[in-house]
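The lines below spell out each chain.
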Amino acid sequence: MKRYIVLFVALWFTACKSDNSNYQKEAANPEFLIRSEVMLTESIIHDIFAPPVSARIYMYASIAGYEAAVHGNKGYKSLVGQLNGFEKVAQPKAGEEYCFPLASVRAYLAVGKKLTFAQELYDEFDKKLEADYKKIGIPDDVYDRSIAFGDSVAESIMKYASKDNYKQTRGFRFTVTNLPGTWTPTPPAYIDAVEPYWTKIRPAVLDSSAQFRAPEPSKFDLTKGSPYYKEVMQAYETVKNLTNEQRDIANFWDCNPFKMNITGHAMFATKKMSPGGHWLGIAGQVSRQLNKNYIQTAEAFALTSIAIFDGFISCWDEKYRSIRIRPETVINASIDKTWMPVLQTPPFPEYTSGHSTISRSAAVVLTKLFGENVAFNDSTEIPYGLPPRKFTSFIQASDEASISRLYGGIHFWPALDEGAKQGQKVGSWLIQTVKTHE
């Protein structure tokens, strides 16, 4: 009888172990992280964060996700000591078993929630996510330990984020000078300048916001034949003679988090993802397309979001140095008072182009991670009623994102050209400075 009891216990233990034997592999499905990025994007859209602020949220959440995941992957390195001011992060206890992908998703979402407001948006998502993890059969003690570790990593990242000068720059407004050629608020809402002190935010890898300073824009001179006059007329004529394809490109890359619509006496807002959200959506889509594993996806989110974050800092450094007037303002005042841009003019100075800068910095990083000639369908705009667009490379996509601002009537050509150069330098510096694996 004793022999049968021992045999029964052995068989029972083997069966239980067999049920859970694949839980680490199943939990390492990168779809868990991609779903979390989509959820964070929904939250950011709901809260209407400005593009630079959205980039900050994505970056800290992505760093948290990467730092929790890196322990389960030999050859991959922490970002501690490689990012400005990032000196310490929570560590797992030696000798304990963890499910690091689970901890990673937990850390990613925990940081995302702390940096956004609409917590109720996560309720159903969290329930579904937990149910999906429970189906995998992660042992209770490993599950709880991994969740706790993810929370610890998130806490470390929030401490890191708290010292980037974000809080210190809240509440300051930009003073409009009304000097010739300088930015003034634009229709229809005439919103105050967004994030005029963003250059005070600590960069992730740049030495300073001015490390890759753009050259001075053309002298403001509306004399016919002057370089500036030619730039103005190029923007004016481009919009007047826009093709359907060019209009589609402008709308596809609009990425305006808060578009004001006016119908009669009624005004209402339309919300969309930010430029950074668009590029992180691309990162998730292509990671899935190329069957990248969990750590590769976490790495892509982390490095792409860092490139976008520092790209905004570099771009904003020039925006509030040159304080350049927007096409809509100068064309209406001096060329044609009835002219209107295709896209709504964003509430900040014109030079350089944020889209051009961050699109190229993101494209440079994604090219390094995924390859030079990766063709993909960008379906990020489907929720906004826009069909996917096909690209043969990340650089081609960034070029289209850049030129979309001329087609949209909200930038002059030099802002696009110099913005892309800025972005190239930011992305290349990141690749040179940060090493995620041996």
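Residues numbered from 1 in each chain as written. Predicted model: local features only at pLDDT ≥ 70, side-chain atom pairs only at ≥ 80, totals over all residues. Heavy atoms only, no water.

Quick look at the side chain of E195
- Position of E195 relative to the elements: it lies in the loop between α7 (140-161) and α8 (227-240).
- Look at E195 and you get buried, because its relative accessible area is 13%.
- When neighbours within four sequence positions are excluded, E195 is seen to be in contact with P52, V53, R170, W316 and Y320. (Helix = DSSP H or I, 4+ residues; strand = E, 2+ residues; numbered from the N terminus. Buried < 20%, exposed > 50% of the residue type's maximum accessible area, 1.4 Å probe, protein only. Contact = heavy atoms within 4.5 Å.)

Examining α7
- Between its first and last C-alpha atoms α7 spans 31 Å; for 22 residues at 1.5 Å apiece the expected length is 32 Å, and the two agree.
- Residues V142, Y143, S146, I147, F149, G150, V153, A154, S156, I157, Y160 and A161 constitute the buried set of α7.
- Among the structural elements, α2 (23-27), α4 (51-69), α5 (100-114) and α6 (123-136) are those in contact with the buried residues of α7. (Expected span 1.5 Å × (residues − 1).)

Observations concerning the layout of surface pockets
- Of the voids in this model, the largest pocket is the one considered here, and its volume is about 670 Å³.
- Taken together, 44 residues make up the lining of the largest pocket; nearest its centre are A50, P51, V194, P347 and F348.
- Mapped onto the lining of the largest pocket, the elements with two or more residues apiece are α4, α11 (294-322) and α13 (354-370).
- Taken together, the residues of the lining of the largest pocket break down into 27 nonpolar, 9 polar and 8 charged. (1 Å grid on protein atoms, 1.4 Å probe; cavity = no way out; pocket = protein on both sides within 12 Å on 5 of 7 lines; lining within 4 Å. Points joined across faces, edges and corners; volume = space filled by probe spheres on them. Nonpolar A, V, L, I, M, F, W, Y, C, P; charged D, E, K, R; others polar.)

Concerning the pattern of salt bridges
- Using the criterion set out here, one finds 21 salt bridges in the structure.
- Put simply, D164 and R56 hold a salt bridge, and the shortest N to O gap is 2.8 Å. Highlighted residues: D164 in the loop between α7 and α8 and R56 in helix α4, separated in sequence by 108 residues.
- Overall, the relative accessible area of 1% leaves D164 in the buried class.
- Within this structure, R35, K128, D132 and K135 form a network of salt bridges that share partners. (Salt bridge = Lys/Arg side-chain N within 4 Å of Asp/Glu carboxyl O.)

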